[in-house]
Amino acid sequence: MSPVLMVPEAMPLATLQRMYYDGAAPMLARTGPLVSKREAETDETIPLDKYDYITRSTLVTTPIIFQERSKPRAGCKHSYSTKYVETIHNKVKTELCVPPYRCAADVMEKASVTMSCPGEHTTQWEEFGLEPYVFGKKEGFGELLYSVTDSVFLFRNGKVTPTFRFIDSLTSSVQVLLVFYTPKTGTTSLLSILADFDGVQEAKVFVTLDHYAIVEGTNLTLYLIMQLALCVLVLGMFSDAARYYFRKFMQGRPNPDDVEPRWLFPPYSVTLTFLADFVTTLMTVAFSVMSIPEKSNTASKTAKIAGGLTNISWSSSDGVESLKGMFFSDIGEMIELFAFEGFMHNFANWILFITMFRIVQSCNVHPRLGMITGTVYNASDDLLHFFLLVAIISSTFACIGFWRFGMVRPEFSTVGNTLGTLLDMVLGNLPLDWYVERELQVYVLIFIAICFFLVQNFLLAIIVEAYMNVRRHNETLDYETDYASDLVWSITSYIKGRMYGWPNSAKLGEEMLRWNCRYSIGYKDLEKTRLFKDEEQIGRFVAHYHRFKFLKPIHIKHHAPAKIGLEVVEEIERRTAGLLGKAGSLRKMANNAMQYRADRFRKRAEARETQLDQQRMGFLEVSDGHPLSYSAFAAQYRTENGHGGGHSNTIGSVAGSPRRLGSARAAFTSGQSPGGGGAMHMRGPNAMQWGANNTSQRQGG
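All of the points below concern the structure found in this document. All of these numbers come straight from a predicted model, not from anything done at the bench.

### Some thoughts on the packing of aromatic side chains
With the rule as written, the count across this model stands at 26 aromatic pairs. Both rings, one in Phe 327 and one in Phe 328, keep their centres 5.7 Å apart while their planes meet at 65°; by these two values the pair is edge-to-face. Overall, Phe 327 belongs to the buried group, its relative accessible area being 0%. Phe 328 gets classed as buried once you look at its relative accessible area, which sits at 2%.

Written out as structure tokens, the structure reads:
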């Protein structure tokens, strides 16, 4: 034990003399070691028991405490604060720094030495004599944690400094770093405890735990294969999306025959979908390019940094400051490595989020899978106004809660904390002891009454109504079926198309959409498209699609009511004229007859208003296997409704009786061949239906 006793502060001589007399007797009894150093080393040793590792991870090196500091300044943000600092400084000079006491020159000259407000960030600190270090993106002062916690004072720069001064009012943030290593998994972990003192009301504490794993051997090989496969799949997806968008773009090219030719760009939904695919592809490829070299060198980087920390010899003759410099340098490299790993994780999260929304949006390809997106789209206008209302209500309650309870309750201390508390209240988690204060009771009850019982049920009603609208729409689709069946038949159709050389479905659809006046498509029509190579292809094509019920011809075997208007009659006559190839003369005759019958109908409508519903119900019947011709249909109609006369075979007679006509779809479902085979039918100008007989020909209406 050294006879020199160090004390943290200057003491009066009487106190020192009393301390000397109190310790003189024990000091005289200690004359030295009983044995020499050599004898102590060669004599009996104290056994050291081995303790196996209890946990899987070990602390690689001593923890580090790191802080960022601000410059002191006498001028504060508020004018009275500046005046208050000057007042305190004057009191120190006139009341404390007077004889027989003497203060340092900087205390007498600078008000910021006595009391100050934090200023801008600084990298100079003479108190502990520390050099600034860079940890990641931060620059500040680092020290070994045990030096601050296990010692009452430190001797730095020739003077003794108490360790409690390490954190003071000029400290803007303090961070404690602990590095662990798990041998079993080869994982290096960094535990960070950060306390931010820049807040207005209280310090904010953040705890993070990051990991950096070694990837080598089989795991590295599998990782590289998966990354390369991911790039190939994403590039394939983008090429398909680019072809589709280019086809849509070229469809909008200007027509030279138009009066004012101009480009028609694809819809916004198609453009946004293409941009989403482009961004996803770009981000995925960039992630793979950055992650492959990084993952390939994880073993060498871990050995360099973690090994460098464990191999520092603190008992060497090198200076402590030099060893600390090496130590903090390795820690800084490790922090940068973890920061890059965290960036890659965030980057991958954004890719996954965009991909998730893209997958949900792709569910529109099937009616049943598209229920979610269809519901959201159907309710988008109502949801927009609903969330606007929610934002107004939430912001109002947040301002009220922060203004009234922010000074006494931590859950209302900031506007952000208040919004979080309101969200918890909507989910059923009420503030602690909310029933104690009367004002808080009223606040909570009003918010629950408005947001929980009213607004939340409004949202439920909007979603349910939109869902029912989508469901009713899907029920009207005759081609709607379950997803599994559609998936199987889509794959089957694709395989057969590749085997038998069927034409591209998009090209065939575009060709058929030009046939505005066709109600059935037969073998000859498919042959005229010149998209099929031979008759066998056409036969296999028709035979394959004949199995679907919604593509079979419509056979009306029972009476079907239909509401008829003049526009339907006009459409029927226009299409009939087009089918007969006499569009000019027949259209003129039909228009004249329609005008005559329309005038006659309007005159009789007032007298028969009570029977209007019965008169508007028409009955059509088509014999099985043989369609009615247009004139036969007119004669049958007039006979069934009691309209005798010699005009049953004329177009005018049909146009003159718009009250009891069947629907255009039922009346002009195109015919079948005399052999009984069906033809491919169209229910409208833009919808196709496929028949069964590949040798049938289209019959005139």
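Still to come is the rest of the account.
### A look at the nonpolar core
By size, the foremost hydrophobic cluster in this structure holds 21 residues, and its most contacted members are Phe 135, Phe 327 and Ile 331. Elements with a contribution of two residues or more to this core: β2 (64-73), β4 (132-135), β8 (171-182), α9 (298-310) and α10 (320-362). Beyond its immediate chain neighbours, meaning those up to four positions away, Ile 331 contacts Thr 61, Ile 64, Phe 135, Leu 177, Val 179 and Leu 309. By size, the runner-up hydrophobic cluster in this structure holds 20 residues, among which are Phe 397, Phe 412, Leu 440 and Phe 447.

### A closer look at the side chain of Glu 143
If you trace the backbone, Glu 143 turns up in strand β5 (residues 138-144). By relative accessible area, Glu 143 is classed as buried at 1%. Every residue in contact with Glu 143, bar those within four places of it in the chain, is listed here: Ile 64, Ile 65, Leu 130, Val 148, Arg 156, Phe 166, Lys 324 and Phe 328.

### Brief notes about the pattern of salt bridges
The tally for this structure, following the rule as stated, stands at 11 salt bridges. Across the pair Glu 439 and Arg 404 runs a salt bridge whose closest N-O atoms are separated by 2.4 Å. Of the two residues, Glu 439 sits in helix α14 (residues 438-475) while Arg 404 sits in helix α12 (residues 380-405), which places them 35 residues apart along the sequence. The exposure class of Glu 439 is partly exposed, given its relative accessible area of 41%. Through salt bridges with shared partners, one network takes in Arg 409, Glu 411 and Glu 437.

### Comments concerning the pairing of β2
Of all the 10 residues making up β2, seven are buried; the element is thus mostly covered by neighbouring parts of the structure. The pairing of β2 with β5 spans four bridges and is antiparallel. Along β5, the bridge assignment pairs Gln 67 with Phe 141. Taken together, the four bridges between β2 and strand β3 (residues 117-122) define a ladder with antiparallel strand orientation. From the neighbouring strand, Pro 72 faces β3, where its bridge partner is Pro 118.

### Remarks on the environment of Val 390
Within the secondary structure layout, Val 390 lies in helix α12. Here Val 390 falls in the partly exposed class, since its relative accessible area comes to 25%. In this structure, the C-alpha to C-alpha distance between Val 390 and Cys 451, residues 61 residues apart in sequence, is 8.2 Å.

### A short note on the environment of Phe 246
Its location among the elements puts Phe 246 in helix α7 (residues 218-251). Since its relative accessible area comes to 52%, Phe 246 is described here as exposed. Residues Phe 246 and Pro 266 lie 20 residues apart in sequence; the distance between their C-alpha atoms is 9.4 Å.

### Digging into the packing of α12 against α14
In contact at an axis separation of 11 Å, α12 and α14 are set at 170° when each is read in the N-to-C sense. Taken together, α12 and α14 sit at an angle that is classed as roughly antiparallel. Contact residues: Asp 382, Leu 383, Phe 386, Val 390, Ile 393, Phe 397, Ala 398, Ile 400, Gly 401, Arg 404 and Phe 405 in α12; Glu 439, Leu 440, Tyr 443, Ile 446, Phe 447, Ile 450, Cys 451, Val 455, Phe 458, Leu 459 and Ile 462 in α14. Of the residues that constitute the contact of α12 with α14, the class distribution is 18 nonpolar, one polar and three charged.

### Quick notes on the state of the cysteines
This model, assessed by the stated rule, comprises two disulfides. Here Cys 76 engages in a disulfide with Cys 117; their sulfurs sit 1.9 Å apart. Its torsion about the S-S bond being 90°, the disulfide of Cys 76 and Cys 117 is classed as right-handed. Here Cys 76, found in the loop between β2 and α3 (79-96), pairs with Cys 117, found in strand β3; they are 41 residues apart in sequence, far enough to count as distant. The pair Cys 76 / Cys 117 is uniform in exposure class, with both members buried. When the bonded cysteines of the protein are numbered from the N-terminus onward, they pair as 1-4, 2-3.

### Some points on α9
Count 3.6 residues to each turn of an α-helix, and residues three or four apart come out pointing the same way. Under the 1.5 Å per step criterion, the end-to-end length of α9 is 18 Å for 13 residues, consistent within 8% with the ideal 18 Å. Of all the positions in α9, only Thr 298, Thr 302, Ile 305, Ala 306, Gly 307 and Leu 309 are classed as buried. Those residues of α9 hidden inside the fold are in contact with β8, β9 (187-196), β10 (204-213), α8 (268-296) and α10.

### Re the packing of α9 against α10
Contact geometry for α9 and α10: axes closest at 9 Å, N-to-C directions at 145°. α10 is crossed by α9, and the crossing has left-handed handedness. Contacts from Lys 301, Lys 304, Ile 305, Ala 306, Gly 308 and Leu 309 of α9 reach α10 at Phe 327, Asp 330, Ile 331, Glu 333, Met 334 and Leu 337. Residues of the contact of α9 with α10, tallied by class, amount to seven nonpolar, one polar and four charged.

The rules we used
- Residues numbered from 1 in each chain as written.
- Predicted model: local features only at pLDDT ≥ 70, side-chain atom pairs only at ≥ 80, totals over all residues.
- Heavy atoms only, no water.
- Phe/Tyr/Trp six-rings, centres within 6.5 Å; stacked < 30°, edge-to-face > 60°.
- Buried < 20%, exposed > 50% of the residue type's maximum accessible area, 1.4 Å probe, protein only.
- Core = buried A, V, L, I, M, F, W, Y, C linked by side-chain atoms within 4.5 Å.
- Helix = DSSP H or I, 4+ residues; strand = E, 2+ residues; numbered from the N terminus.
- Contact = heavy atoms within 4.5 Å.
- Salt bridge = Lys/Arg side-chain N within 4 Å of Asp/Glu carboxyl O.
- Pairing = 2+ DSSP bridges.
- Axes fitted to C-alpha atoms, helices over the stretch in contact; angles between N-to-C directions.
- Parallel < 35°, antiparallel > 145°, perpendicular 65-115°, else oblique.
- Nonpolar A, V, L, I, M, F, W, Y, C, P; charged D, E, K, R; others polar.
- Disulfide = S-S within 2.5 Å.
- Expected span 1.5 Å × (residues − 1).
- Left-handed = near helix turned anticlockwise from the far one by under 90°.

Everything listed is a geometric property; what it means functionally is a separate question.
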